[in-house]
Amino acid sequence: MNNLEQRLARLEAIEAIRQLKARYLDACDQKQPEQVRSCFVDGEMVIDYDRVGVLDSADALTDLFTRFGCEAHVVEMHHAQNPQISVEGPDHASGRWGLYYHLIDARADRVTQLGGYYEDEYRRVDGEWKISATRFRVTSTQIFDLAEGVARAVFAGTAAPAEVDDVQRQSSD
């Protein structure tokens, strides 16, 4: 492969990974667990979403997402930004993404806004890029209570403690 072909293959890989991340975040917002699952490799892997949970497979993530994110009263918006993607070989890459996340919990009358970053690893499987490991860390949090018709700050800082922001409260279980 000549230099031009290598550069083109690298650019094509970066764009495919950008599209993969966009599909993943959109599937989260659209409450499509099967689409979320399709963005990940099969088998064991590390999915570390901090206090939300450390999981060992895409199936475990899909189960968690279905239980807590696919509720009618949970309205989410994921916006990824500033991707830094490094293609490390024809079938391996890594990336770091900033995330702006906005959550409305209509049942609890709460709004949560998070900032943070993903650190991902990617593998090309049968010609298609997939997430093979992912880690998310919160860098900023704002939580507002809307119960009395006026936004009242509940928390502002880095990462809210579990007693203030527990994802399991979102479930109907």
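Before reading further, recall that the structure is shown in the block above.
Summary of the structure given here. (Residues numbered from 1 in each chain as written. Predicted model: local features only at pLDDT ≥ 70, side-chain atom pairs only at ≥ 80, totals over all residues. Heavy atoms only, no water.)

## Some remarks on the overall build of the protein chain
Selection rule: Here a strand is any run of E in DSSP of at least two residues, a helix any run of H or I of at least four, and the numbering for each starts at the N terminus. Every residue pair with non-hydrogen atoms within 4.5 Å of one another is taken to be in contact. Surface accessibility follows the Shrake-Rupley procedure with a 1.4 Å probe radius. Residue values consider only the protein chains on display as shielding. When charges are tallied, Lys and Arg are placed among the positive residues and Asp and Glu among the negative ones, while His and the ends of the chain are skipped. Lys charges are placed at NZ, Arg charges at CZ, Asp charges at CG and Glu charges at CD.
Secondary structure assignment for the protein chain yields three helices and seven strands. Helices and strands appear in the protein chain in the N-to-C order α-α-β-β-α-β-β-β-β-β. Across its three principal axes, the protein chain shows a C-alpha extent of roughly 65 × 30 × 25 Å. Contacts in the protein chain between residues at least 24 apart in sequence constitute 52% of all its contacts with a sequence separation of at least 6. Here the protein chain has roughly 9,500 Å² of accessible surface; of this, 49% comes from carbon and sulfur atoms. Placing the 19 positive and 30 negative side-chain charges of the protein chain at their respective mean positions leaves the two points 4 Å apart.

## Overview of unusual backbone geometry
Test applied: For every residue, the accessible area (1.4 Å probe, protein chains only) is compared with the maximum for its type, and the residue is labelled buried under 20%, exposed over 50%, or partly exposed between those bounds.
At Lys-31, a residue that is not glycine, the phi angle is positive and equals roughly 60°. As for its position among the elements, Lys-31 is in the loop between α1 (3–29) and α2 (33–38). Note on Lys-31: relative accessible area 27%, which makes it partly exposed. Backbone geometry at Asp-50 places phi at a positive 55°, although glycine is not the residue there. By the secondary structure assignment, Asp-50 is in the loop between β1 (44–48) and β2 (54–57).

## Topic: the nonpolar core
Going by this rule: To qualify as a nonpolar core, a set must consist of buried Ala, Val, Leu, Ile, Met, Phe, Trp, Tyr and Cys residues joined through side-chain atoms within 4.5 Å.
Judged by nonpolar contacts, the single largest core of 34 residues is most densely connected at Tyr-24, Val-36, Phe-40, Tyr-49, Leu-61, Tyr-118 and Tyr-122. For this core, the leading source of residues is α1, giving eight residues. Those residues within four positions of Tyr-24 in sequence are excluded, and the remaining contacts are Val-36, Cys-39, Phe-40, Tyr-49, Leu-61 and Tyr-118.

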